[in-house]
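Examination of the molecular architecture
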Amino acid sequence: MSVRVRYAPSPTGLQHIGGVRSALFNYFFARANRGAFVLRIEDTDQGRYSDEALQDLYDTFAWLGVRWDEGPDCGGPFAPYVQSARSAIYREHAMRLLAEGKAYECFCSEARLDRIRRIQTANKMAPGYDRHCRSLSAAEIAESRAEGIKPVIRFKVPLEGGTTMHDVLLGDIERKNEDINPDPVLLKSDGFPTYHLANVVDDHLMEISHILRAQEWVPSAPLHVLLYESFGWTPPIYCHLPMVMGSDGQKLSKRHGSTSVREFRDAGYLPEAVINYVSLLGWSYDDTREFFSTSDLERLFTLDRLNKAPAVFDYKKLDWFNGHYIRMKSDEELAELVVPVLKRDGVLAENPQASELALVREAMPLIKERMRVLNDASGLLRFLFAEPAEYPAEELVPKKLDAKGARAALGEAAGLLEGLASRSEEEAERLFRGKADEMGVKLGDLLMPVRVAVTGSRVSPPLFGSIRLLGIEKTRSRIERAMSLLSK
Ligand code: GLU
Ligand code: ZN
C-alpha cells in the first residue's frame, strides 16, 4: 500500500507545539516510506477561521523547512485542498446518506435544542440530541418545509451494537453505539459540512492511508468509523499520538510558557532545535541517541518507536538543544542569524556599517558558548556598539571590597591595558592574576569592577576578549568614567 498522510489544521490560531508535532510526524512518516504528505485546510468553521492563522501556518512551516507534496499552494491530484472550496462534494455525500436512509433531516429550532440541553443538565443526563426528527413522517417533513425551515442533516447512529476503532498505537478502542454522540449533524442548515463529514469524506477521497493525529481526536473516531462504514469505505489506519503535557502533568498550555512555534522563533530558537526536540515528544529512535537532523528523521522515523505514554514538554531540554545547534554554526552563519536580532533590539542600526558587521562576526567565538537563544546576543554585545547605560556606583564594588578598593582595582587594571590586545587569553590572565596577588585580592574581585565598567553588567562575554573587541581606547575611557563615578 502506498503511504499517503495529511496534516489537516483548522486555521483558528497560531501553530502550536502539538499541531506541529503531528505535522512533522506525518511528514517524516511520508518521507521514510516514499509516500505523499498532504496539507489540507479544514476551514469549515467560518466563525473561527482567521487569515492571520493561515499565514502563520505557511510562515511556520517555511521557517521549519518542511514542505508538503500536495496542498492549497502547490496543488495536486485531489485539489482543491481547502474545505471551504469543496462544499458541493460534502453536500453530495450528505445527500447520498440521506437517500439511502442513513441520515435524516432535522428541523428542530435552536430554541428547542436549547430546551433539551437545559432539561438534560437539570437532570444530570448526558448532553445530546434527542433524535426527535429521526422518525418524522413524510407529512411532518412536508409541513416543516412548507414553513420554509431549512433543515440540518443528521447521521443515524445505530441504536444497538458497538463500533471498534483500530489504532496501531492504542490497540482496539471499542464503543457501544448507544454511547456515541446521538446523531451528529453532518450538514448545517447553511450548507456547510461539520468537521465529521468533511474530515471523513476528504480522507477517503484524498486516499489517505494513515491518520496520525493528536489523541484529543480519539473520542470522535468511532463515529468516523461508522461514517466510513455507511459510505461503504474502509477507514484509514489510525494512529493517535501521545499527549503533550507540561511539567505538572496537565495538557501543555500557555500557563506553562510559550506554546506556539512563532513565540519560540521570536525568542531566538533555531528551527533545527525545534524540529529535533519536538520529534522526541513521544518518539525515540533508540534509548540513547538524541540528535537528529531533518534528513535523519526523514529516513529513520517509524511508527513502532512511538510511545504510548504522554510526553512532557521540557523547556530546559529545548534550551539545551538550542545551545547545541547554536554551537554547531560557523561564526559566519551565526553572525548572519544574530544581525537581524541586533537590529530588532536596536543594538545595530537598520543599515549597519561594514566595520560593525565585521565586529559582530569577530564577537561570535566569544558568545557562542554563552548563548541559549539568539536573542541573548543583544544583551551580550550591546556594549560593543553603545556606551553602557547608567549604572549605580555600587554595581562596581565586589562584596569583598569597598569603593576605595574597587577604585584601586580599576586603576591597576587601566595600567595593564597597554599591550593587552596582543596578548593571548592565558597571558592576559596571568598578568591580571599577578596583579591581584600583589594587591592581596582575588582575581575575580579585580576583574569584576572592570567588567562592569566595560560592559555595564556583571554578566558579560569573557572579559579580555571583550576588551580586545572594544579596543583599548574605549576601554580606558570607560574605566576612567567608572573611577570618577566611584570617587563621587
Ligand atoms: N481540523 C482538525 C484539527 O484542527 C483535524 C483533526 C484531524 O487530524 O483529523 O486538528
Ligand atoms: Zn430535529
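Provided above is the structure to which this section pertains.
Remember, predicted model here, so these are calculated numbers, not experimental data.

Of the regular secondary structure elements, the protein holds 19 helices and eleven strands. As presented, the protein carries roughly 23300 Å² of accessible surface, and 51% of it is formed by carbon and sulfur atoms. On the protein, the mean spot of the 64 positive side-chain charges and the mean spot of the 70 negative ones are 3 Å from each other.

Looking at ligand 1, the residues that line it are Arg 6, Ala 8, Ser 10, Glu 42, Tyr 195, Asn 199, Arg 213 and Trp 217. In the environment of ligand 1, a nitrogen atom lies 2.9 Å from a nitrogen or oxygen atom belonging to the side chain of Ser 10. Asn 199 places a polar side-chain atom, nitrogen or oxygen, 3.1 Å from an oxygen atom of ligand 1. Within the complex, the protein chains bury 84% of what would otherwise be the 290 Å² of accessible surface of ligand 1. Among the residues making up the shell around ligand 1, the classes are represented as three nonpolar, two polar and three charged.

Here we take up the side chain of Glu 42. Position of Glu 42 among the secondary structure elements: in the loop between strand E2 (36-39) and helix H2 (51-64). Those residues in contact with Glu 42, other than ones at most four positions away along the chain, are Ala 8, Pro 9, Ser 10, Pro 11, Gln 83, Tyr 195 and Asn 199.

Here the focus is unusual backbone geometry. Omega for the peptide link from Ala 79 to Pro 80 comes to -5°, which places this bond in the cis form. Structurally, Pro 80 can be placed in the loop between H2 and helix H3 (87-99). Although it is not a glycine, Asp 183 sits at a positive phi angle of roughly 55°. Here Asp 183 is to be found in the loop between strand E6 (171-176) and strand E7 (185-187). Residue Asp 183 is classed as buried on the basis of its relative accessible area, which comes to 0%.

Conventions and cut-offs
- Residues numbered from 1 in each chain as written.
- Chains lettered and ligands numbered in written order.
- Predicted model: local features only at pLDDT ≥ 70, side-chain atom pairs only at ≥ 80, totals over all residues.
- Heavy atoms only, no water.
- Helix = DSSP H or I, 4+ residues; strand = E, 2+ residues; numbered from the N terminus.
- Areas by Shrake-Rupley, 256 points an atom, 1.4 Å probe, with all protein chains shown as cover.
- Lys, Arg positive; Asp, Glu negative; His and termini not counted.
- Charge placed at Lys NZ, Arg CZ, Asp CG, Glu CD.
- Near = heavy atom within 4 Å.
- Polar contact = N/O pair within 3.5 Å; in protein donor to acceptor, adjacent residues only side chain to side chain.
- Nonpolar A, V, L, I, M, F, W, Y, C, P; charged D, E, K, R; others polar.
- Contact = heavy atoms within 4.5 Å.
- Buried < 20%, exposed > 50% of the residue type's maximum accessible area, 1.4 Å probe, protein only.

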